[in-house]
Amino acid sequence: MSRWKALAVTLLLGLPGCSQAQPTDPYSPLVLERTIALPDTKGRIDHLAIDLADHRLFVAEIANGTVDEIDLQAGKVVGRITGLPEPQGVAWLPRQRELVVACGDGSVRFYAPDRRELARIILGDDADNVRVDERNGHVIVGYGKGALATIDPSSHKVLARLTLPGHPEGFRLSGPRAYINVPGDGSVIAADIDQGRQIARWTTGLHRLNFPLAVDPSGKSITIAYRLPAALATIDTATGRTMSIRSACGDADDLFFAGSRILLVCGAGHVDVMTADGSRERVQTAGGARTGLYVPELNTLFVAVPARGHPAAILALRFSLPKA
């Protein structure tokens, strides 16, 4: 099929303002390189983490109570941590060579490369997203009815707690700043994690259920996805002003910048690749696949596909721009 004929087909299939592409389409911005099976995995899958040095991917399988370790070179699961109470957030600590797992019972657990548990911290309840402060290696965890905990991974001790007006969902770090979605409060919070204080609270107005969030590489804006009504908003980090808002899918749980483009992982079964001018391409994945991890060093988006009439799997999608 010629390029122009393929383009015509995608335009006929697409919704207004966007085109649809299969991940195997050579002209798709995301090309499927590999499907990695997740054996014996049922229910919803949450977040992912990468160990770049040893080419390993970690998958938090919240409903299954497990975290799988994938060897990316072999393309298969090589280990599993079991018996976890709703594992949600995961992070790899390259300095300590430890895996961090945040669980629904409020525990944060640290594991050695051989999957031995090294330490456990009880924060309260509902330990969720995990981020690593690139400046000092500290582990930042959202939890409970409204807080971020800063943990020293060397001592496995809590250094500080930042109080929030509700449970934190997606949050990102930019130097000492943390930008935090608090959907229960209908707000986005800007905070200084070094000083342990809230700097600003920006209300979401008529838009609610703000879950995923990403910081523009410049640090001058953040982009968040709302589920009700479904929209994608860009907010000025200096003023809190909404700079732009456009339509989006209603079941996104992860959002990433890939250069100047935005990758929005949608539970309806696709990834939207969006540009600053508002255009988008829609790459099909599978129903329920709303979490993922973009790894710029590999130029790859990993998407978690839950078992829904088909086995659970990880899709490895290489990000590439169509050639002129």
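Refer to the preceding data block for the structure.
Thresholds applied
- Residues numbered from 1 in each chain as written.
- Predicted model: local features only at pLDDT ≥ 70, side-chain atom pairs only at ≥ 80, totals over all residues.
- Heavy atoms only, no water.
- Helix = DSSP H or I, 4+ residues; strand = E, 2+ residues; numbered from the N terminus.
- Buried < 20%, exposed > 50% of the residue type's maximum accessible area, 1.4 Å probe, protein only.
- Contact = heavy atoms within 4.5 Å.
- Pairing = 2+ DSSP bridges.
- Core = buried A, V, L, I, M, F, W, Y, C linked by side-chain atoms within 4.5 Å.
- Salt bridge = Lys/Arg side-chain N within 4 Å of Asp/Glu carboxyl O.
- Axes fitted to C-alpha atoms, helices over the stretch in contact; angles between N-to-C directions.
- Phe/Tyr/Trp six-rings, centres within 6.5 Å; stacked < 30°, edge-to-face > 60°.
- Lys NZ or Arg CZ within 6 Å of the ring centre and 35° of its normal.

Colleague: Can you break down the side chain of Asn 129 residue by residue, with the values?
Modeller: Relative to the assigned elements, Asn 129 resides in the loop between strand S10 (117–122) and strand S11 (130–132). Owing to a relative accessible area of 5%, Asn 129 belongs among the buried residues under this scheme. Residues contacting Asn 129, with those up to four places away along its chain left out, are His 47, Ile 140, Val 141, Gly 142, Glu 169, Gly 170 and Phe 171.

Colleague: Could you give me a rundown of the pairing of strand S16 (residues 177–182), with the residues and numbers involved?
Modeller: Here S16 lies mainly inside the structure; five of its six residues are buried. With four bridges joining them, strand S15 (residues 171–174) and S16 adopt antiparallel strand pairing. Within the sheet, the bridge partner assigned to Arg 172 lies in S16 and is Tyr 179. What sits between S16 and strand S17 (residues 187–192) in their antiparallel hairpin is a turn of four residues, with Gly 186 showing a positive phi close to 60 degrees.

Colleague: Could you give an account of the nonpolar core, with specific residues and numbers?
Modeller: Leu 57, Leu 263, Leu 301 and Ile 314 are the most contacted members of the largest nonpolar core, which totals 33 residues. Ignoring any residue separated from it by four or fewer positions in sequence, one finds Leu 57 in contact with Leu 48, Ala 49, Ile 50, Asp 68, Glu 69, Ile 70, Leu 72, Leu 293, Phe 302 and Ile 314. Residues Ala 91, Leu 93, Ala 127 and Val 141 belong to the second largest nonpolar core, which totals 17 residues.

Colleague: Provide a residue-level description of the pattern of salt bridges, including the pertinent values.
Modeller: Throughout the structure, instances matching the rule amount to 18 salt bridges. The salt bridge involving Arg 56 is made with Glu 69; its shortest N-O contact spans 3.0 Å. With Arg 56 in strand S4 (residues 56–61) and Glu 69 in strand S5 (residues 66–71), this pair connects stretches of sequence that are 13 residues apart. A salt bridge links Asp 185 to Arg 201; its shortest N-O distance comes to 2.7 Å. Of this pair, Asp 185 sits in the loop between S16 and S17 while Arg 201 sits in strand S18 (residues 197–203), and the two are 16 residues apart along the sequence. Among the residues examined, Asp 185 registers a relative accessible area of 21% and is labelled partly exposed. Exposure remark for Arg 201: the relative accessible area of 40% places this residue in the partly exposed category. A cluster of three or more residues bridged by salt bridges with shared partners is formed by Asp 51, Arg 56, Glu 69 and Arg 115.

Colleague: Pulling in residues and values, what's your account of unusual backbone geometry?
Modeller: In this chain, Leu 228 is followed by Pro 229 through a cis amide linkage whose omega measures -20 degrees. Inspection of the secondary structure puts Pro 229 in the loop between strand S20 (221–228) and strand S21 (230–236). The phi dihedral of Arg 115 is positive, around 75 degrees, even though this residue is not glycine. Mapping Arg 115 onto the fold places it in the loop between strand S9 (107–111) and S10. You will see that Leu 209, though not glycine, has its phi angle at about 60 degrees, which is positive. Looking at the element boundaries, Leu 209 is found in strand S19 (residues 208–215). Here Leu 209 falls in the partly exposed class, since its relative accessible area comes to 35%.

Colleague: Which residues make up the sheet that holds S21, and what are the values?
Modeller: Spatially, S19-S20-S21-S22 is the arrangement adopted by the four strands of the open sheet, whose pairing is antiparallel. The open sheet has two edge strands, S19 and strand S22 (242–247), and neither has a second partner. Neighbour to neighbour, the strand axes of the sheet diverge by 20 degrees on average, direction disregarded. Looking at chain direction, S19 and S20 are connected through five bridges and run antiparallel.

Colleague: Mind laying out the packing of aromatic side chains, listing which residues take part and the relevant values?
Modeller: Taken as a whole and judged by the stated rule, the model has three aromatic pairs. Look at Tyr 179 and Trp 202: their rings are 6.5 Å apart centre to centre, the planes differ by 20 degrees, and that puts the pair in the stacked class. Of this pair, Tyr 179 sits in strand S16 while Trp 202 sits in strand S18; the two residues are 23 residues apart in sequence, bridging distant segments of the chain. Between Tyr 294 and Phe 319, the ring centres sit 6.4 Å apart and the planes meet at 80 degrees, which makes this aromatic pair edge-to-face. Of this pair, Tyr 294 sits in strand S27 (residues 291–295) while Phe 319 sits in strand S29 (residues 313–319), and the two are 25 residues apart along the sequence. Of the two residues examined, Tyr 294 and Phe 319, each falls in the buried class. Positioned over the ring face of Phe 171 is Arg 131, at 5.9 Å from the centre of the ring. Between the NZ or CZ atom of Arg 227 and the centre of the ring of Phe 211, over which it lies, the distance is 3.9 Å.

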